[in-house]
Amino acid sequence: MTYTTALPVGGQNMVPVMNQLQSVQPSATAADERITGKVTDKTGNGLPGVSVVVKGTTRGTTTDQDGNYLLNIPNGNVTLIYSFIGYETREVEVKNQTQINVALENDVKSLEEVVVVGYGTQKKVNLTGAVAAVDGVEIAKRPVGQTSSALQGLMPGVIVKTSSGRPGGDGATIRIRNSLGGIGQAAPLTLIDGIEGSIDNIDPNLIETISVLKDAASSSIYGSRAAGGVILVTTKRAKSNRISVNYNNYVGWQAPTNLPKMANAVDHMLLTNEAYVNVGRSPLYSDDLIQKYRTEGATNRDLYPDTDWQKAVLTGSGLQQSHFLSINGGSDRIRFLTSIGFFDQKGIIESSSFRRYTIRNNADIQLSKKFSARVDLQLVAPTTIEPGRGTDEVFHWMNRIPANQIGINANGTWGDGWNGDNPIAFSRDGGTRKNNSPYVLLNSALTYRPTNWLTAEVAFAPKYAISFDKNFNKAVQTYKPNGTLSFLAPAKSTLTEANSRSFYNTLRGTVTADKVFGDHGVKMLLGFQREDFRNDNSSAYREGFILPDYQVLNAGASDIQRSSGSASEWALQSLFGRINYDYKQKYLLEANARYDGSSRFAAGRQYGFFPSISAGWRISQENFMQPLSHVVNELKLRGSWGRLGNQNTTGTYGFTSYLNFGAYTFGKQIVNVAALNTMANAETSWETSEMTDVGLDATLFSHFTLTADYFYKRTYDILLTLDIPGIIGLGAPTQNAGIVDNRGWELGLNYRAAVKDFKFDVGFNISDLTNKVIDMRGVNQTGLTVNREGYPSASIYGLVAEGLFQTADEVASHAQQFGVIKPGDIKYKDQNNDGIINASDEVVLGSQLPRFTYGTTLNASWKGFSLNVLVQGVGKANGFLYQQGIMPFYLGGTVQEQHKNHWTPENPNAMFPRLAFSEANNEKVSSFWMKNAAYLRLKNVQLSYTIPSKVVQRAGIKNLRIFANGQNLFTIDKFWNGYDVETPVGVGNAYPQVKLYSFGIDANF
């Protein structure tokens, strides 16, 4: 079992291990009395580091390594408090005693701590699978709009990558012991209170805990959808019968983490001239024009523009705010927790925002002594807006157009930009893409408990979701500075509207028996589940809007219009079970199985069986370990094996042929036609994974916890498109053929302690994953990222660069490359020594798979102050930028400041090749443009202060905490300047990640 959780710093019994007798108390006076003694566990072993404090004072000490203590106490009858992590706190009246020996009992509550697992909970100490968990308190500290991003850096083996800061699109990609790309790398199944959903659809303030099932033993009970691991989100429920109210909020401002520094107008023209001369052409800009830019440009930007495109485009407020109100109440029979949330995120560009309203009510009803019910209702209404042409287009043109092109004329009209492509104009005035995706979910359950060891539950959860997309791409008119019309881009305004309605049902029944027979503990689970889903969607299109302010379909021209519609459905039904056995809670055994039937496969291939088995040995419970129990509090060895499936590979109807409908012209008639283009394969079935895991869990000195795992996972029957004879006349179908291996290790460490009022815990986790494609059935992919046998999935593929040519003789003696080659151009390796550089010389260059992912958390508190710090990073990875993102003058674009460090005879060891216009050689995919994508990031810092209760209670407030927060504060990396390292492969047009500075309050009434 892997159990990693961020521990609260405000808890009790947090004391440091002391190697010698220490006392934190005033100097003894004549009236003081001296007390000595020894603190032991129930077996008589001395306990080091036990806190011994005079009740009602700060006078106290801690026991030494043998459990002995000495304490000066005030004269008179006082009470001593003995506290230690993992043991029950004891209070002893001194009376007339001068020596007090105390034996502490194990804290049963600590031993009974449970962890959420598939279809239930288990005692943490009895887990035999690899399960990581994090408390909702830690999630809520992160000011994020998409909850997936809040998991980054918190758990080993959970790879979380955030590649964008776009409002509504800044969710993270999560992979559990899987690569982030390529074949056989399934996304995890996410369940919210047992119902499948997106983790980004749940407000962080609603979350009680998140458990991640990482190995096959803990995941196999979810069968055909668990190949990528399972994320279990548990929401908060009412904790008491009395009415209480909580309100928390924050307000903050965003700014880009990184942007490339672009060349100004004069530098662009000078460097362009150099590039022209280098390819044998005359300079494009005259010296006289460049001089006028220098002398007259500041007073006449219409004639001599020097546009800072980034400054002109990034004019969004970047304001982000969150408000969350929850009401807890009820009676002995009914308890409820009602929550209302509002999240609003403005972009750093115009026409970019994300807004979400959340209403949730969790109710628990005790119908009778044996019957109880749970009724949860949630309504979520998110709205995402971005420019009509999309944010990628905005950032592409923002960093592509030279500074000597005009963005806004002096009279306020839109300038030409680049032949009408003006990112300032179309980000502010080019229409919008708007998505509304509200949904309502009812999650209800009826529980019957005839005895204290038998529980039966029936759950029904319908979910209705709609999605409405409206994309109005407005034609923007640009002008010359003198007011004459210039470009209209696009040529016509267009409107596309799409509607989607989905209905998803879950019906589940379970029976759980949990009973102890002497030294034998047995827990059994049997269950049935059926899920069905249907989606209906339609879309419509028109163009030619004479009055663009009227953005409805009927306002468009009727001569060019299109409409379409479709529907799809699927169903899944399953039987599942689990049995747990333990002997004296020392020897542990667990077996899981699920029998899944999916409508996604043809008859005869619809059902699959997914078993697992795991075992654990709590070595610390053995008699021979008892003399060390004060040092080794918990030590468990565990191992597991299991089989998992992935049904989400073939689409809804992957086993059958598709008919493509359309229109075709025969003669002078337009007729409707249907065509069969792709061959069917009714033999397709699940991708299957088998995983073996060996792990160790330990708690030492009651302060230090360790969890370590090694795993091996093979995924086979991966769907590939293999060659078929061309005479068939149809496209090739997919077949279960590929094999991929993942293997790796994980380590989680945590230490917590306290020194008087100063409490702290430090956590560190690190994991490594290696990935290799084993079998592609001879398919050799080409392109920027490929899956090739013997290499990681989605490897970077291209030419190997051997530096820059330095002399003409070096060029002449090397293999023939692309176009006219001169000193300063990139030199490529001739892999096959045939004297020609071409596609045959392309090889696997590196892997974008992050290796050695790590995270460190620090939680510290002193009196009312609290500090929380999260640092996360990647130890090894490759990144690749190309095209406009990093290549100088790509397709006529501009250059960046860093491009000034280019090759010249005087600068032979330059960062970039010689400047050249319209030369293909230096723009090939090669290792020259690959960079180290390892990084360390200060992800989050929160500083808070809880105002003393006696101050705020006068205003009717029970507790009030104020805080300030910083997100993505700084990053240390060796990636390309100006680009965020978490977007390691691309062309530089992604919405950049953002840093956020915020402050807020958390109040209880």
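Bear in mind the structure is a predicted one, so any value in this text is a computation, not a measurement.

1. Topic: the side chain of Asp 376
Structurally, Asp 376 can be placed in strand S22 (residues 371–387). Reaching out from Asp 376, the side chain makes a polar contact with the side chain of Arg 237 at a distance of 2.8 Å. Beyond its immediate chain neighbours, meaning those up to four positions away, Asp 376 contacts Asp 193, Arg 237, Arg 360, Asn 361, Asn 362, Ala 363, Leu 441, Leu 442 and Asn 443.

2. Regarding the packing of aromatic side chains
Applying the stated criterion across every chain, the model contains 30 aromatic pairs. For the ring pair Tyr 119 and Phe 576, a centre distance of 4.1 Å and an interplane angle of 15 degrees mean the geometry is stacked. Taken together, the residues span a long stretch of sequence, with Tyr 119 in the loop between strand S9 (114–117) and strand S10 (120–123) and Phe 576 in strand S30 (residues 557–583) at a distance of 457 residues. Across this residue pair, the class does not change: Tyr 119 and Phe 576 are buried. Grouping aromatic residues by their ring pairs yields a cluster made of Phe 912, Phe 928, Trp 929 and Trp 976. Sitting over the face of the ring of Tyr 276, Arg 281 holds its NZ or CZ atom 4.1 Å from the ring centroid. Over the ring of Phe 426 we find Arg 389; its NZ or CZ atom is 4.1 Å from the centre of that ring.

3. Describing the nonpolar core
Among the nonpolar cores identified, the biggest contains 31 residues, and Ile 826, Ile 886, Trp 929 and Trp 976 are the most heavily contacted of them. Secondary-structure elements contributing two or more residues to this core are strand S42 (801–804), strand S43 (826–828) and strand S47 (878–881). The contacts of Ile 826, once residues within four sequence positions are left out, are Ala 801, Gly 803, Leu 804, Phe 805, Gln 817, Pro 913, Asn 921, Asn 922, Phe 928 and Trp 929. Of all hydrophobic cores here, the second largest spans 24 residues; its members include Leu 151, Ile 174, Leu 206 and Phe 324.

4. Topic: the sheet that holds strand S48 (residues 930–932)
The 3 strands lie next to each other as S48-S47-S51, forming an open sheet whose pairing is mixed. Bordering the open sheet on either side are S48 and strand S51 (985–986), each of which pairs with just one other strand. Where S47 lies against S48, 3 bridges are found, and the strand directions are antiparallel. Bridge pairing in S48 places Gly 879 opposite Lys 931.

5. Overview of the pattern of salt bridges
All told, the structure shown has 46 salt bridges when counted by the stated rule. Note that Lys 480 is salt-bridged to Asp 416, the shortest N-O span being 2.7 Å. Of the two residues, Lys 480 sits in the loop between strand S26 (476–479) and strand S27 (485–489) while Asp 416 sits in the loop between helix H7 (391–398) and helix H8 (423–428), which places them 64 residues apart along the sequence. Between Arg 638 and Asp 709 there is a salt bridge, and its shortest N-O distance comes to 2.8 Å.

6. Topic: unusual backbone geometry
Cis peptide bonds are those with omega within 30 degrees of zero, and the linkage from Ala 489 to Pro 490 qualifies with -10 degrees. One non-glycine residue, Ser 351, lies in the positive phi region at around 60 degrees. Topologically, Ser 351 is positioned in the loop between strand S20 (334–346) and strand S21 (353–366). On the accessibility criterion, Ser 351 (22% relative accessible area) is partly exposed.

7. Some remarks on the sheet that holds strand S40 (residues 785–786)
The strand order across the open sheet formed by 3 strands is S40-S41-S44, and the pairing between neighbours is antiparallel. The strands lining the two open edges of the sheet, one partner per strand, are S40 and strand S44 (843–847). Note that S40 and strand S41 (residues 795–798) share 2 bridges and pair antiparallel. When the sheet's bridge partners are listed, Thr 785 is paired in S41 with Ile 796.

8. Regarding the domain arrangement of the chain
Taken domain by domain, the chain consists of domain 1 (33–103) and domain 2 (114–243). Taking the mean C-alpha position of each, domain 1 and domain 2 sit 42 Å from one another.

9. Remarks on H7
Within the sequence span of H7, burial applies to Thr 391, Val 394, Phe 395, Trp 397 and Met 398. Burial along H7 is one-sided: seen end-on, the buried residues are contained in an arc of 170 degrees. Considering only its buried residues, H7 is in contact with helix H6 (309–313), S22 and H8.

How each quantity is defined
- Residues numbered from 1 in each chain as written.
- Predicted model: local features only at pLDDT ≥ 70, side-chain atom pairs only at ≥ 80, totals over all residues.
- Heavy atoms only, no water.
- Helix = DSSP H or I, 4+ residues; strand = E, 2+ residues; numbered from the N terminus.
- Polar contact = N/O pair within 3.5 Å; in protein donor to acceptor, adjacent residues only side chain to side chain.
- Contact = heavy atoms within 4.5 Å.
- Phe/Tyr/Trp six-rings, centres within 6.5 Å; stacked < 30°, edge-to-face > 60°.
- Buried < 20%, exposed > 50% of the residue type's maximum accessible area, 1.4 Å probe, protein only.
- Lys NZ or Arg CZ within 6 Å of the ring centre and 35° of its normal.
- Core = buried A, V, L, I, M, F, W, Y, C linked by side-chain atoms within 4.5 Å.
- Pairing = 2+ DSSP bridges.
- Salt bridge = Lys/Arg side-chain N within 4 Å of Asp/Glu carboxyl O.
- Domains from an automatic or database assignment.
- Arc of directions from axis to C-beta.

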